[in-house]
Amino acid sequence: MELPVDDRHQGRLTKDGIRIHDPSDFAGMRTAGDLAARILDAIAVEVFPGQTTAAIDDVITRMVEEAGATSATIGYKGYQHASCISVNHVVCHGIPGAKVLKDGDILNIDVTVIVDGWFGDSSRMYVAGKLSRKAERLIQITHDALFKGIEAVRPGNTFGDIGVAIQSYVEGNRMSVVRDFCGHGLGRVFHAPPNVLHYGRAGTGAILEEGMFFTIEPMVNLGRPETKVLADDWTAVTRDKSLSAQFEHSVGVTADGCEIFTLSPGGRFHPTWGG
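Residues numbered from 1 in each chain as written. Predicted model: local features only at pLDDT ≥ 70, side-chain atom pairs only at ≥ 80, totals over all residues. Heavy atoms only, no water.

Peer 1: Provide a residue-level description of unusual backbone geometry, including the pertinent values.
Peer 2: Cis geometry is adopted by the peptide bond preceding P194, which originates at P193 and carries an omega value of 10°. Relative to the helices and strands, P194 resides in strand β10 (residues 192-196). The residue K77 is not glycine, and still its phi comes out positive at about 50°. With respect to the secondary-structure elements, K77 resides in the loop between β3 (70-71) and β4 (84-87). For K241, which is not a glycine, the phi torsion comes out positive at approximately 65°. By the secondary structure assignment, K241 is in the loop between β14 (236-238) and β15 (244-246). (Helix = DSSP H or I, 4+ residues; strand = E, 2+ residues; numbered from the N terminus.)

Peer 1: How would you sum up the nonpolar core? Please name residues and give values.
Peer 2: Core analysis: the largest hydrophobic core is formed by 38 residues, its most contacted members being I56, I60, L107 and I109. Elements represented by at least two residues in this core include exactly α1 (25-42), α2 (53-66), β4, β6 (106-115) and β7 (118-127). Discounting chain neighbours no more than four positions away, the residues touching I56 are I43, E46, V47, Q51, I85, L101, L107 and I109. If you look at the next biggest cluster of nonpolar residues, it comprises 35 residues, including A135, F159, M212 and V253. (Core = buried A, V, L, I, M, F, W, Y, C linked by side-chain atoms within 4.5 Å. Buried < 20%, exposed > 50% of the residue type's maximum accessible area, 1.4 Å probe, protein only. Contact = heavy atoms within 4.5 Å.)

Peer 1: Describe α2, listing the residues and the values that go with them.
Peer 2: Here α2 is 14 residues long and its end C-alpha atoms lie 20 Å apart, about the 20 Å a rise of 1.5 Å per residue gives. Three or more residues of α2 are buried, namely T53, I56, D57, V59, I60, T61, M63 and V64. Taken together, the buried residues of α2 touch α1, β3, β4 and β6. Following α2 by one or two positions, G68 adopts a phi angle in the positive range, close to 75°. (Expected span 1.5 Å × (residues − 1).)

Peer 1: Any chance you could break down the pattern of salt bridges for me, citing the residues and the numbers?
Peer 2: Pairing is possible between side chains that carry opposite charge, provided their charged atoms lie close to one another. As enumerated under the stated definition, the model contains eight salt bridges in all. Between D16 and K15 there is a salt bridge whose closest N-O contact spans 3.7 Å. E226 is paired through a salt bridge with R224; the nearest N and O atoms lie 2.8 Å apart. (Salt bridge = Lys/Arg side-chain N within 4 Å of Asp/Glu carboxyl O.)

Peer 1: Can you tell me about the pairing of β4, naming the residues and giving the values?
Peer 2: Burial along β4 is two-sided: C84 and S86 facing one way and I85 and V87 facing the other are all buried. Relative to β6, β4 runs antiparallel, the two being bridged by four bridges. Counterpart to C84 in the pairing with β6 is D110. (Pairing = 2+ DSSP bridges.)

Peer 1: Any details on the confidence of the model for the protein? Residues and values, ideally.
Peer 2: Averaged over all residues, the pLDDT of the protein equals 95, while 95% of them reach at least 70. Per-residue pLDDT stays below 50 along residues 1-9; that stretch engages in 29 contacts with residues further than four places along the chain or on separate chains. (pLDDT = per-residue confidence, 0-100.)

Peer 1: Go over the pairing of β6 with me, naming the residues and quoting the values.
Peer 2: Summarising burial for β6: nine of the ten residues are buried, a large majority. Pairing between β3 and β6: two bridges, direction antiparallel. Residue pairing for β6: S71 is matched across the bridge by V113. Inspection of the sheet shows β6 paired to β7 by ten bridges, in the antiparallel sense. Within the sheet, the bridge partner assigned to L107 lies in β7 and is Y126. Taking the residues between adjacent antiparallel strands as the criterion, β6 and β7 are bridged by two residues, where D116 takes a positive phi near 50°.

Peer 1: Could you give an account of the sheet that holds strand β8 (residues 176-177), with specific residues and numbers?
Peer 2: Taken in spatial order, the three strands line up as β8-β12-β15 in an open sheet, and their pairing is antiparallel. Looking at strand neighbours, the two that pair on one side only are β8 and β15, the edges of this open sheet. Bridging between strand β12 (residues 219-221) and β15 involves three bridges; their strand directions are antiparallel. Bridging from a neighbouring strand, V220 pairs with A245 of β15. Where helix α3 (residues 133-151) meets the sheet, it contacts β12 and β15, and its direction lies at approximately 35° from that of β15. (Axes fitted to C-alpha atoms, helices over the stretch in contact; angles between N-to-C directions.)

So, in structure tokens, the structure goes:
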């Protein structure tokens, strides 16, 4: 899902084609990221056994419209929904539809909004009904892996440092990191350089600089890492039908670390926040 960088937006590009944003640009990303996070907070009450993924997406569509924002995904390469909703062994890009959630289903809901030209992109896990022990552990490892990656974000480190932090933690817990999908640069565009891999080697890849904006969004499988895309050309599933989980934040590199633009205002980023 790569798009060319919008060259109408001024700012320096690194030799790797990564845009370096001005300090004033952080405010726009905070606003867009906050809206995405508030929508994901509010949608939690819509996830329950018997609910359809289409009904969840309808609520998200309405919330985006009521906020005076624009959905980045409606119309993107023909996609017609304000969210991707990926259930159980769906890794990412699940299309909302008539599927009815069952007790114990886990699902990732991914929302990207545009506010005043800035893109806010985030996803998190939810559970319909009672969470099984194996799903709970998968979700926890995936959640913690994201933050292991975020901890590696600071000027002078490399994108390989982010990837190895995630990969070593996940594989140390006997799970696997999906390699077919990755994080991406964003700002006034949906997708831009760099590709943010969730695996790798320390000290490799582009060097992080203050002003870079990108997502970190590890997808973790209970089984093997291989995926396949279904005939709809969107839905990616685990080849071995094992459960998959994903968490995503949008971040900006600061002088001494990073700022997370998509933090949950209500502290609801983890699905067991109310339990």
